[in-house]
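Structure assessment
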Amino acid sequence: MSFTPYRDVLPSGLRVVTVETPHLHTALLAIYVRTGSRHETPANNGVSHYLEHLFFRGSESWPDTVRMNAAVEEVGGNLNGVTTRDHGYYYTPLHPAHLRVGMDILGDMLTRPRLTDMEVERQIILEEMLDEVDEKGRDIDLDNLSKHLLFPQHPLAQKIAGTRDSVSALKHAQVLEHFAQHYVTGNLVVTAAGRVRREEVLELAERAFAHLPRGPASSETPPPRGAPGPLLHFVTHDESQTEFRLNFRAVPEQHEDYPALQILRRVLDDGLSSRLPFEIVEKRGLAYSVHASLDGYHDAGLFEVEAASAPEKASQVVEESLRVIAQLCDTEIGEEELSRAKRRHRMLLEFSQDSPGELAGWFGGTELFRTPETFDHRADLVDSQSAAKVREVARRYFRRDNLTVVAVGQRKGLKALERVVAEAPGLP
């Protein structure tokens, strides 16, 4: 893991990240932009996601969207876009010999969009939102519910797609205003990874984004600490399973505690032999699956455990999850288990070198917020963690007053679930 990406700034102020990996047979272009639902207000919530949809309605040079998509597909590509809470990105894989086609089309889409067919896209987005609500229009999405509980009165609590009311009321002028404010040179990173050459990437990017106006990067207000836990938010929903997520406020990637959190995540969930799947799925048969993950922003982080079970078993799954987590606060991880987590972490980072998408996200997506570290540096940081340090970090974040739980399902077993969350057994 010895290569280092090239980080360049064009005369316009646009940043370009090139990750040359000539051993691969593919290339990937990705354009990252620092705008998402946390850069919105309740009045225009959903506008970043709306813009994402509208970009694919064509541009000045490519008003015919069938021709636009066909041109990319003919060179091995497939245009895609994603909006998150703190950024968005637009990307396509490509044959390395046809980088210009993808760069020209992405550049025209994001600098000279037609922004037409608003009403058609509005209906599509409103349909898309139905996945997140029940028949009464109540939010049943665990991620939305968690962010609302964790970040009350803060933009990170806003839904990525917006609400039915906000999207229904969005005007063309609001879309144009958001586009003009955020799609500027200081707020975008152009990334190319795979069998690409730095000189060609820079030349193509300067040409394709010549119409991008100058402007500064977006800024954000850090989220304050929420109310002390343990907290439970339960939404009644008549489904065969109860879904739930345990959340612990943590730290962003650049924090000194993050490498130990990565080890904790792997000890808890990194295959069927790791602690949560073994204790809850394999040993007790309480749930079909259980997952631990780290979710982060440049100024905040979350440690999450998610599962689904029969309603009458939900309290048992939460109780067992908390018991397994609490063990990490009480007892140091054994040397063999610690070494395994470190080896797995380094190996999977090495695997990432075979994925232009992983490379683009690591170096290009991170560049939006800070200077990205190398894979080697991250692996070395994880390798340097001692069992005592990992236990210390577990005790710092896996606390009763740092626990929030959201659950969606039948009321059967709710009292038992409320009791378990209130007691948070074993946590310091």
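Look a little higher up for the structure.
First things first, this report covers the structure right here in the doc. Keep in mind the model is a prediction, meaning the values are calculated, not measured.

Basis of the calculations
Residues numbered from 1 in each chain as written. Predicted model: local features only at pLDDT ≥ 70, side-chain atom pairs only at ≥ 80, totals over all residues. Heavy atoms only, no water. Core = buried A, V, L, I, M, F, W, Y, C linked by side-chain atoms within 4.5 Å. Buried < 20%, exposed > 50% of the residue type's maximum accessible area, 1.4 Å probe, protein only. Helix = DSSP H or I, 4+ residues; strand = E, 2+ residues; numbered from the N terminus. Contact = heavy atoms within 4.5 Å. Axes fitted to C-alpha atoms, helices over the stretch in contact; angles between N-to-C directions. Parallel < 35°, antiparallel > 145°, perpendicular 65-115°, else oblique. Left-handed = near helix turned anticlockwise from the far one by under 90°. Nonpolar A, V, L, I, M, F, W, Y, C, P; charged D, E, K, R; others polar. Pairing = 2+ DSSP bridges. Salt bridge = Lys/Arg side-chain N within 4 Å of Asp/Glu carboxyl O. Arc of directions from axis to C-beta.

Formed by 51 residues in total, the largest nonpolar core has its most connected members in L261, L264, L268, F303, F398 and L427. The biggest single contributor to this core is helix α11 (residues 314–330), with 9 residues. Excluding anything up to four places from it in sequence, F303 contacts L246, N247, F248, A250, L261, L264, R265, L268, A292, S293, L294 and F398.

The N-to-C vectors of α11 and helix α16 (residues 414–423) enclose an angle of 15 degrees; their axes lie 8 Å apart at closest approach. On the basis of the axis angle, α11 is roughly parallel to α16. For the pair α11 and α16, the sense of crossing is left-handed. Within the contact between the two elements, α11 uses A314, S315, V318, E319 and L322 and α16 uses A416, L417, V420 and V421. Counted by class, the contact of α11 with α16 contains 7 nonpolar, 1 polar and 1 charged residues.

By definition, the strands of a sheet pair up through backbone hydrogen bonds, in either a parallel or an antiparallel sense. Reading across the sheet, the 5 strands line up as β7-β11-β8-β10-β9 and stay open at both edges, with mixed pairing between neighbours. The open sheet has two free edges, formed respectively by β7 (231–236) and β9 (290–297), since each of these has just one partner strand. The average undirected angle you get between the axes of adjacent strands in this sheet is 15 degrees. Pairing of β7 with strand β11 (residues 403–409), which is carried by 6 bridges, proceeds in the parallel orientation. When the sheet's bridge partners are listed, L231 is paired in β11 with T404. Docked against the sheet, α16 engages β7 and β11, running at close to 160 degrees with respect to β7.

It is possible for side chains of opposite charge to pair when their charged atoms get near one another. On inspection of all chains with the given rule, the structure shows 40 salt bridges. R38 is paired through a salt bridge with D299; the nearest N and O atoms lie 3.0 Å apart. Taken as a pair, R38 in the loop between β3 (27–33) and α1 (47–55) and D299 in the loop between β9 and β10 (300–309) lie far apart in primary sequence, 261 residues in all. Of the residues examined, R38 reaches a relative accessible area of 5% and is grouped as buried. Residue R344 pairs with D270 through a salt bridge whose shortest N-O separation is 2.9 Å. Here D270 lies in the loop between α9 (258–268) and α10 (275–283) and R344 lies in helix α12 (residues 335–351), a separation of 74 residues in the sequence. One network of salt bridges, with partners in common, ties together R85, D143, K147, R245, D295, E304 and E306.

As a further point, take α16. For α16, the full list of buried residues reads L414, L417, V420 and V421. Summarising the axial view, the buried residues of α16 lie within an arc of 125 degrees, below the 170-degree limit, and thus occupy one face. Next to the buried residues of α16 lie β7, α11 and β11. Just beyond α16, the residue with positive phi is A424, at close to 40 degrees.

Treat this as a map of the structure, not an account of what it does.
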